[in-house]
Amino acid sequence: SNERGYARRDDRRDDRRNDRRDDRRFDRRDERRFDSRRDSPPRRFRREDSRESGRRYAGEEDRRDPPRRHQRDTGEEDRPARGQSDAAKDDSAPISDAQRRAGRREIEDPYETAAKTASGVVDKASGRTGGLYMPPYKLAQMMKEVTDKKSKEYQRMTWEALKKSINGLVNKVNVSNIKNIVIDLFKENIIRGRALLVRSLMKAQMASPSFAHVYAALLAVINTKMPEVGELLLKRVLSQFLRAYKRNDKVMCKSLTKFIAHLVNQQVAHELVALQIISLLLESPTDDSVEEVVTFITECGATLADVTPQGLNAVFERLRGILHEGAIDKRVQYMIEGLYAQRKNNFAEHPGVLPDLDIVEADDQITHELSLDDPLDREESLDYFTFDPEYEENEEKYAQVRRELLGDDSDDDEEEGEDDDDDDEGEGGATETQVINDLTEQDLVNLRRTVYLTIMSSAAVDECAHKLMKLKLREGQQVEIATMLIECCAQERTYLRFYGLLGERFCMIDKAYQVVFDELFAKQYTMIHRLETNKLRNIAKLFAHLIHSDGLPWGVFEYIMITEEETTSSSRIFIKILFQEIAEYMGLKKLRERLNDPYMMSSFEGLFPKDSAKNTRFAINFWTAIGLGGLTDGLREHLQNAPKRLLAQAPDQAAAPVDSDSDSDSDSSSSSSSSSSSSSSSSGSSSSSSSSPSPSSSLGRPCSKSPFLRLKAPPFPWISWKISSS
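Residues numbered from 1 in each chain as written. Predicted model: local features only at pLDDT ≥ 70, side-chain atom pairs only at ≥ 80, totals over all residues. Heavy atoms only, no water.

(A) Quick look at the nonpolar core. With 81 residues, the main nonpolar core has L197, L218, L233, I260, L263, I297 and L319 as its most contacted residues. With ten residues, the top contributor of residues to this core is helix α13 (residues 212-225). With residues near it in sequence (within four places) discarded, I260 still touches V237, L238, F241, V273, I277 and F296. Ranked by size, the runner-up nonpolar core spans 65 residues in total, among them Y513, I528, I539 and L546. (Core = buried A, V, L, I, M, F, W, Y, C linked by side-chain atoms within 4.5 Å. Buried < 20%, exposed > 50% of the residue type's maximum accessible area, 1.4 Å probe, protein only. Helix = DSSP H or I, 4+ residues; strand = E, 2+ residues; numbered from the N terminus. Contact = heavy atoms within 4.5 Å.)

(B) Structural context of helix α12 (residues 194-207). Across its 14 residues, α12 extends 20 Å between first and last C-alpha, which sits within 8% of the 20 Å expected from 1.5 Å per residue. Among all positions in α12, only A195, L196, L197, V198, S200, L201, M202, A204 and Q205 are buried. The elements touched by buried residues of α12 are α10 (152-172), α11 (178-187), α13, α14 (227-246) and α15 (250-265). (Expected span 1.5 Å × (residues − 1).)

(C) Focus on the side chain of T567. The residue T567 is located in the loop between α28 (533-548) and α29 (569-586) in this model. Reaching out from T567, the side chain makes a polar contact with the backbone oxygen of T563 at a distance of 2.6 Å. Within the structure, T567 has its side chain in polar contact with the side chain of R572 (distance 2.9 Å). (Polar contact = N/O pair within 3.5 Å; in protein donor to acceptor, adjacent residues only side chain to side chain.)

(D) The packing of aromatic side chains, seen in detail. With the rule as written, the count across this model stands at 16 aromatic pairs. With 6.4 Å between their ring centres and 40° between their planes, F521 and Y559 make a pair best called tilted. With F521 in helix α27 (residues 511-526) and Y559 in the loop between α28 and α29, the pair connects residues that are 38 residues apart, well separated along the chain. Among the residues examined, Y559 registers a relative accessible area of 34% and is labelled partly exposed. An angle of 50° between the planes, with centres 6.0 Å apart, marks the rings of Y525 and F574 as tilted. Within this pair, whereas Y525 is found in helix α27, its partner F574 is found in helix α29, the two being separated by 49 residues in sequence. Exposure remark for Y525: the relative accessible area of 10% places this residue in the buried category. The exposure class of F574 is buried, given its relative accessible area of 0%. (Phe/Tyr/Trp six-rings, centres within 6.5 Å; stacked < 30°, edge-to-face > 60°.)

(E) Here's a closer look at helix α31 (residues 613-625). Here α31 contains 13 residues, and its C-alpha end-to-end distance of 18 Å stays within 8% of the 18 Å for a straight helix at 1.5 Å per residue. Summarising burial for α31: eleven of the 13 residues are buried, a large majority. Residues N615, T616, R617, F618, A619, I620, N621, F622, W623, T624 and A625 constitute the buried set of α31. Looking at the buried positions of α31, the neighbouring elements they touch are α29 and α32 (633-640). After α31 finishes, the residue G627 shows a positive phi value of roughly 85°.

Have a look at this one:
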C-alpha cells in the first residue's frame, strides 16, 4: 500500500511539472499574449462576478475594464465611464427613478394590475390583465365587481369568457355527446362570437382531421338556425384551401379537402364546390393532386353519386384517362383502382353521413351555393374584440332567440343565481330537485362486481359476511347479493359449504333475505332445465343447506309438484339431490317428522299428491327410486284405502232421494251408472289381480291386495327395477 501511495504522489508531482513546462512553452510562442496577460488583473479577480471586483480596477490607468456581463446581470446603469475614478463617480448626480425603471423592468402584482384594469385606472391595450394570466375564478370575481356593464372592460371580459367557453365545447365534442354540445353552444352568444366558433372549428379540424365528420355535423345543426355561421366557415375554408393550393401545402390541402367533403355530405356546401375542387386538382395531374382527388371522392363519393351522378361519371372518366396514360406513380394507380372498387360497392365502407350524425332533416338544411370563383370575404375583423355601444340590447335580443330555440331560459337563471343561493341558503324558497334515472344500470354493474370480488377474495365466512354487510345497499338490492351468491356457487367445480354457511348467515341476520331466497328458489326451479348437471347439483346442495338449517322456510316446497306432467328429467334430478342432501344432514326420521307436520301439509301436497291414483303411484315410485321410500307410508296407506272409500260412497249415492224434477232424475241416473261402472271395474280388477304375486315395499312390509297398486316401471333413466301389484 505504501508503494502505491508513493507512486501516486510521484505521478501528481510529474503532472504539475509538465503543466509548468507547457505554460512556459506557450508564453515563449506568444510573447504579446503573455504581456497582455501580465498587465491584466489577476485571474482570480477576472473570474469573479461581483460588483466590487469590477470597481476595484475601474479607476486605475492601463487596466482592462471588467466584462460587460456585469452590467447585464446586475442591471446597473450608474457604472462610471472607462478611465473614470471613484471620486468622479461619487460626485456624479443621483439617478432618478425613471432612469432606473428604463434600465430595469419593474414587475407588478398581477392581481393588483387586473384590479386596476377592471376599475378603469390602467389602459386595456396590452390585454385583459396587462398580458398576464388570470385564473378563471378570479376573472369571474372581477366581472362581478364591475358595476358598469356597458364599459369596455366588462365587454372585453365577457369576450374572453365567450372565447374560452366556445373553445372548450368544441374540443369536447364527439359522436356520443354532439346533441348536448349543440345545446350548450346555443346557450352562448354565437351571433356575437360566430368568428370565434368558426376559428375554433377550423383549428380543431386541422389538429384532428379524423374528426372532420363530427365538426361538419355540429356545424350543420347550427347552420339550420344561424346560416350566417355556416356561410362564414365555408368562405374561410374555401379561401384557405385556395391559399394552400397556391403554396403547394399538401398537409393543409388534405385536411381542408376532407372537411369540405363532409360539409358536402351534410349539404352545407353545394356539390358544385366539390366538382370545382376535383377539376382544379386534375387540371394538371400529379401524384399528390391525384391522391387528393382519390381521398376527396372516397369521403363524399356516396353523396355525389346520389346528387350528381353525371358529374361523378365525368370525374371517373377523367381518372380512367389518367390511369391509361401511366404518367403517375404505381402507388397512385393502385389507389385509383381501389376507388373504382369502392364505386362498384356503392361506397358501402364510406357512407356519406353516419347514422349517429344524421341529425338534421334534409328539408331543414340550408345549402350555401358558393364556388371557388366567387369573392370570398373572410371577415377577419370579427376575430377581434370591438366595443359595442348597444351591448345590453344585443344580449337581450340573443336571449329571446335562445328562448325560441331551447324553450324556457331557466338554466341560465339557475346559473346566475347559484352563487346567491350559496350565500343565502336559508332565505330562498324550496327548489325542486330533478331525479336522474340511470338507464345504463352502471351502478348495478358496479355493485355486482364488488359483491363478486368480495366473495371470491374472502377466506372465511365471517369475513365475507362482514364485508358484504358494510356495503351501503338501497332498498331492494338484497336480491343482487343473493343472486351473485348462487351464481358463484354454481360456477364451482364441486359444492363448497362456504356458500351455504354464507347464505344461512344472511337469512339469519335479515328476514328480507329469506324472502329473496324464496323467490330465487322458485325462479331456479322453473329454469332448472337450462343448467348443466354440475351447476344443477351445486345449486340443489346450496338450497338443501339453507332448508335443513332453517335459514329458508320449508314453505318453498309448495313450488314442487311431483307428477309425470309437471316434472322433467332435470327437475327430478334437482329434487333427488335436494332431498338426499337434506336427509343426509337431518336423518330420515327427522325428515319424515318435518314432512308429516300437520301445520305444513298444505305446502307438501305437491310432494305427495293424492288427487289421482296415477299421480300417487308416480310419487311412490319416485321416492322409492331415490332411496327415500320411508316417506311414502302415507301415500301407500291412501292408495290402499281408496277402494274402501269408493265402496263407502256407493250406498250413500244409491240412497239419495229421487226428485220429481227432470234434472234431478237425470242426475241420479248418471250417478247410479257411474257407481255400477266403478263396481264392475273393481270386480274385474280384483279377479285379474288374483293371478299375480304380492310385492314388498321398500321398508320390507308386504303390500295389501289392491287394484290401485299396479305400479308401473317409472320413467326415470336411473331406475332399473319395477314394482308390480298383487
